[in-house]
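Close look at the chain arrangement
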Amino acid sequence: MTDRLRDSLRDLADIAEPADLYDGAVRRSRRIARREATVGTAAALAALALLASGLWRLPAREAKEPPLALRSSAPASLVPLPRPTVTVPRHSPAPTHHATKPPTVAMRHKNQPQVAEYTATPASRTLADLPGHVFYQQTGADPDVVRMSPGDGAVDTVLPKAPSAVGVSPDGNKIAYAIGDTLLIEPTGGTPEQVANGVSTAGQPPAWSPDGDRLLVAAGTPAILQVGSGTLTPLGEQLAGGQHFRWSGDGTTLVYATSYCSLKVVAGDSDTAVPVIGDRQTADNPDGLAACKPTSVDATGQRVTVPLQTTGETGADSPDTADAVVDTVTGDVVPLPVTGSVVGAYFNPDGNLLVRSRKGTRTTLWLFAPDGTLLVQAKEPAELHNLNLLAYTR
């Protein structure tokens with residue numbers, strides 16, 4: 001067995017060619033180097049491709065992205081961002097007493113007069129710039145009648161202890177009143193003159209015409225008295241139940257109250273009811289507004305000053321001092337652009353509106369032109385605070 005193995009190995013040695021182990025090793029090393037170089041080149045190309053595509057970036061360890069609401073697509077900047085500009089809406093000045101659309105005001109309860117929210121800038125804040133005369137009277141029976149003349153600052157008692165309701169002439173120089181049923185006219189500072197008999201002032205204070213030549217009085221029925229001659233002319237049967245008649249500044253229109261405290265307007269042959277005021281239907285007059293005593297009318301008959309009250313009250317229960325302006329066409333209570341509460345309002349024959357307001361212990365006089373321009377806003381003298389506004393004249 002051993003001899004046979006030895007013989008086989010000898011045969012293999014005879015056919016095998018001699019080999020150089022060094023050269024083989026070198027060739028093998030070169031092949032390995034070329035293969036590794038090829039792999040390295042491919043790896044390098046792959047790395048460059050990753051760099052170009054950005055896929056080489058790895059997510060940060062345990063990084064948390066901000067909520068979506070805090071993200072911004074705007075590039076970072078070191079320049080401070082501008083502050084946002086907030087535009088505060090300005091309210092437009094409130095419309096005047098001739099405005100067709102009154103401004104929004106706080107809700108009103110029953111007969112509380114309206115006051116507009118904002119006021120205009122007055123042309124003057126000096127009382128001396130208020131033209132004409134302002135008349136006041138005390139409260140209670142037999143009141144003193146006081147006249148203030150802003151131009152010279154004079155405050156005078158022109159009729160002590162007035163025996164009846166009075167009417168002040170358009171120029172402020174005469175006062176009409178009654179003693180019993182006798183009508184007298186007294187020049188301020190002068191001697192009274194008897195002009196008519198059979199006159200009552202309870203439901204109709206003497207109301208002067210704008211020209212100062214006539215007086216509207218109650219002499220059994222409403223009538224017009226010619227001051228110079230003493231002639232009385234009844235207004236007519238259809239107006240027999242009217243009371244507190246007042247003339248417009250142009251003399252073409254009369255405004256009066258009915259026995260149930262509604263208002264009517266007489267112009268020519270027409271006798272028209274003012275809407276809303278005095279209407280007892282809740283749907284038409286939800287605030288229950290009434291007016292028993294109109295006190296003055298503007299130049300055209302489109303506005304009237306009244307003491308507002310509630311339906312169901314009688315004329316005897318209402319105050320004598322107007323605190324509201326009513327539109328005779330619509331029946332609306334016109335918001336007045338003043339501050340404080342309105343405690344007096346009066347048109348003079350030229351259509352200027354004098355409003356008296358009170359805020360705390362201070363009273364202010366506001367004079368508006370017929371076009372609504374605020375002419376004067378001035379503090380009222382303290383000595384007049386406890387008196388009631390009676391009239392405003394030229």
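Keep in mind it's a predicted model, so treat the numbers as computed, not measured.

Along the backbone of the protein there are 2 helices and 25 strands. Scored against the burial criterion, the 394 residues of the protein give a buried share of 40%. Taking the intrachain contacts of the protein between residues at least 6 apart in sequence as the baseline, contacts between residues at least 24 apart amount to 45%. Taken as a whole, the protein presents about 22,800 Å² of accessible surface, with 54% of it coming from carbon and sulfur.

Glancing now at the state of the cysteines. The full count for this structure, using the stated rule, is 1 disulfide. One disulfide in the model links cysteine 261 with cysteine 292; its S-S distance is 1.7 Å. Because the sign of the S-S torsion sets the handedness, a value of about 95° for the bond joining cysteine 261 and cysteine 292 places this disulfide among the right-handed ones. Of this pair, cysteine 261 sits in the loop between β13 (253–257) and β14 (263–267) while cysteine 292 sits in the loop between β16 (289–291) and β17 (296–297), placing them 31 residues apart in sequence. Of the two residues examined, cysteine 261 and cysteine 292, each falls in the buried class.

Another point: the side chain of threonine 182. With respect to the secondary-structure elements, threonine 182 resides in strand β6 (residues 182–187). For threonine 182, the residues in contact, after removing those within four places along its chain, are Tyr177, Gln194, Ala196 and Asn197.

Take the sheet that holds β6 next. Taken in spatial order, the 4 strands line up as β4-β5-β6-β7 in an open sheet, and their pairing is antiparallel. The open sheet has two free edges, formed respectively by β4 (167–168) and β7 (193–196), since each of these has just one partner strand. In this structure, strand β5 (residues 174–179) lies alongside β6, joined through 6 bridges in antiparallel fashion. Of the residues in β6, the one forming a bridge with alanine 178 is leucine 183.

Looking now at the nonpolar core. Residues Leu130, Val134, Tyr136, Val145, Val166 and Leu354 are the most contacted members of the largest nonpolar core, which totals 28 residues. For this core, the elements supplying multiple residues, two or more each, are β1 (133–137), β2 (145–149), β3 (154–159), β5, β23 (362–368), β24 (374–379) and β25 (388–393). Per-element tally for this core: the top contributor is β25, with 4 residues. Counting residues in hydrophobic clusters, the runner-up holds 15 residues, among them Val255, Leu263, Val265 and Val333.

A few words now on the sheet that holds β24. Ordered in space as β21-β22-β23-β24, the 4 strands form an open sheet in which the pairing is antiparallel. Each edge of the sheet is formed by a strand with only one pairing partner; in this case those strands are β21 (341–347) and β24. Taking each pair of neighbouring strands and ignoring which way they run, the sheet shows an average axis angle of 15°. Relative to β24, β23 runs antiparallel, the two being bridged by 5 bridges. Residue pairing for β24: leucine 367 is matched across the bridge by valine 376.

Moving on: the packing of aromatic side chains. Counted by the stated rule, this structure contains 1 aromatic pair. For the ring pair phenylalanine 245 and tyrosine 256, a centre distance of 4.6 Å and an interplane angle of 20° mean the geometry is stacked. Here phenylalanine 245 is found in strand β12 (residues 243–247), whereas its partner tyrosine 256 is found in strand β13, with 11 residues between them in sequence. The buried category is assigned to phenylalanine 245, whose relative accessible area is 0%.

Enumeration over the complete set of coordinates arrives at 5 salt bridges. Of the charged contacts, one joins aspartate 211 and arginine 214 as a salt bridge, the two residues approaching to 3.4 Å between their closest N and O atoms. Aspartate 320 is the partner of lysine 293 in a salt bridge, and the nearest nitrogen-oxygen pair spans 2.7 Å. Pair noted here: lysine 293 is in the loop between β16 and β17 and aspartate 320 is in the loop between β19 (308–310) and β20 (324–327), with a separation of 27 residues, a long-range link. With relative accessibility at 12%, the residue lysine 293 sits in the buried group.

Thresholds, definitions, all that
- Along each chain, numbering runs from 1 in the same order as the chain's sequence is written.
- Given that the model is predicted, a residue must reach a pLDDT of at least 70 before its local features are reported, and side-chain atom pairs must reach 80 or more before they are shown or counted; all residues, however, enter totals for whole chains, interfaces and linings.
- Note that the side-chain values use all heavy atoms of the structure and ignore hydrogens as well as water.
- The numbering of helices and of strands both runs from the N terminus, where a helix is a DSSP run of H or I of at least 4 residues and a strand a run of E of at least 2.
- When accessible area is computed with a 1.4 Å probe and restricted to protein chains, residues below 20% of their type maximum are described as buried, those above 50% as exposed, and intermediate ones as partly exposed.
- Residue contacts follow a heavy-atom distance rule, with two residues in contact if any of their heavy atoms lie within 4.5 Å.
- Under the convention used here, a 1.4 Å probe and the Shrake-Rupley method define accessible areas, while residue burial counts only the protein chains that appear.
- By definition, disulfides here are pairs of cysteine sulfur atoms that lie within 2.5 Å.
- At least two DSSP bridges between two strands are needed for those strands to be called paired.
- The criterion is simple. A nonpolar core is a set of buried Ala, Val, Leu, Ile, Met, Phe, Trp, Tyr and Cys residues joined through side-chain atoms within 4.5 Å.
- For helices, the fitted axis covers only the stretch in contact; all axes are lines through C-alpha atoms, and the angles between them, taken along N-to-C directions, range from 0 to 180 degrees.
- Working definition: a ring pair exists when centres of Phe, Tyr or Trp rings (six-membered ring for Trp) sit within 6.5 Å. Plane angles under 30 degrees give stacked, over 60 give edge-to-face, the rest tilted.
- Each salt bridge in this description consists of a side-chain nitrogen of Lys or Arg and a carboxyl oxygen of Asp or Glu lying within 4 Å of one another.

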